[in-house]
Each structure stands twice: as C-alpha cells, then as structure tokens.
Amino acid sequence: MSIIQIHAGLAEDLDPLQISSLYLIGTHMKALDAKLIDRYSSSQLHYFSVTDLSALIMQLEKEVTADDLVLIKCSHGIHLEEVLDALK
C-alpha cells in the first residue's frame, strides 16, 4: 500500500456529522481531499498546497475558537509545527 493510499484511506473514518471541518495540506492529503469532496461541503473541506502554510494558518486563526477541539496530524517535513504554534 502506498503512502497516497494510506492517506486516502483515512476517508473511511471521517464523518461530517462528527468532524465539522477538515483542513488538509500537502501532496499526500490531496488524495484524501478527493475522497471527501462528495461527503463534505466546500465550507467544511479545505485543501492547501504545501506552499500555502501561511494561508492555512491565517484561515485557522480566523475560524478556530477557544471552544473548538482541534486534532492535528502533522509532519515536521512540511513544518506543521508552525500551525500548532500559531494556534497556541
């Protein structure tokens, strides 16, 4: 199984009734985005290319509130620790 298939396989466990918004970034997550496009509305599903880390941070800073529960599955390879630092 390829890394792309593993990321796309996450779609089976993501339910829009339980997880209201998804923010995906990076080449591998594009496959997951494609799997979820029919299950999540455009206001719930957000995909960013790996070069758009700052755009992801800006959108999260606008939309995440203190009452939200945020799960970050991240990679040091694309510096997602910067997202965590921004949310703190």
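Here is what the cut-offs are and how they apply
Just so you know, the residues in each chain are numbered from 1, in the order the chain's sequence is written. Per-residue local features are limited, in this predicted model, to residues with pLDDT of at least 70; the limit for side-chain atom pairs, both in listing and counting, is 80 or more; totals at the level of whole chains, interfaces and linings are taken over all residues. Side-chain figures throughout are based on the complete set of non-hydrogen atoms in the structure, without hydrogens or water. A pair of strands is labelled paired if DSSP reports no fewer than 2 bridges between them. Secondary structure elements are defined from DSSP: runs of H or I of at least 4 residues count as helices, runs of E of at least 2 residues count as strands, and each element is numbered from the N terminus. Whether a crossover is right-handed comes down to one check: with the strands pointing away from the viewer, does the path from the first strand over the helix to the second run clockwise; if it does, it is right-handed. A cavity, in this analysis, means grid points on a 1 Å lattice covering only the protein atoms where a 1.4 Å probe fits yet has no way out; a pocket is instead an open set bounded by protein on both sides within 12 Å along at least five of seven lines, and a residue lines either one if it has an atom within 4 Å of a point. Grid points are joined across faces, edges and corners, and a volume is the space filled by probe spheres set on the points. Here the term charged refers only to Asp, Glu, Lys and Arg, the term nonpolar to Ala, Val, Leu, Ile, Met, Phe, Trp, Tyr, Cys and Pro, and the term polar to all other amino acids, Gly among them. Pairs of residues are marked as contacts when any of their non-hydrogen atoms sit within 4.5 Å. Exposure categories follow from relative accessible area, calculated using a 1.4 Å probe and restricted to protein chains: below 20% of the type maximum is buried, above 50% is exposed, and the middle band is partly exposed. Directions drawn from the helix axis to the C-beta atoms are what define this arc.

Draft legend 1. Representation of the pairing of strand β2 (residues 45–48). One ladder, built from four bridges, connects strand β1 (residues 22–25) with β2; its direction is parallel. Considered in β2, the bridge of Y23 is made with H46. Handedness of the crossover is the feature at issue here: the chain leaves β1, passes through helix α2 (residues 27–36), returns alongside β2, and the resulting connection is right-handed.

Draft legend 2. The arrangement of unusual backbone geometry in detail. Look at H79: it is not a glycine, yet its phi comes out positive at around 65°. Positionally, H79 belongs in the loop between α3 (53–63) and α4 (81–87).

Draft legend 3. Spatial organisation of the layout of surface pockets. Taken as a whole, the largest pocket spans an internal volume of roughly 970 Å³. Sorting the residues of the lining of the largest pocket by element identifies β1, α2, α3 and α4 as the ones contributing at least two each. Per-class residue counts for the lining of the largest pocket are 22 nonpolar, eight polar and four charged.

Draft legend 4. Fine view of the environment of L22. Looking at the secondary structure, you find L22 in strand β1. Put simply, L22 and Q44 are 22 residues apart on the chain and 6.1 Å apart in space, counted from C-alpha to C-alpha. Setting aside residues up to four positions removed in sequence, L22 forms contacts with L14, L36, Y40, Q44, L45 and H46.

Draft legend 5. Molecular detail of α3. Among the residues of α3, those classed as buried are L53, L56, I57, Q59 and L60. Viewed along the axis of α3, the buried residues span an arc of 165°, placing them on a single side of the element. Among the exposed residues of α3, those pointing more than 90 degrees away from its buried face are S54, M58 and K62. Buried residues belonging to α3 abut β1, β2 and α4.

Function cannot be inferred from these measures alone, as they are strictly geometric.
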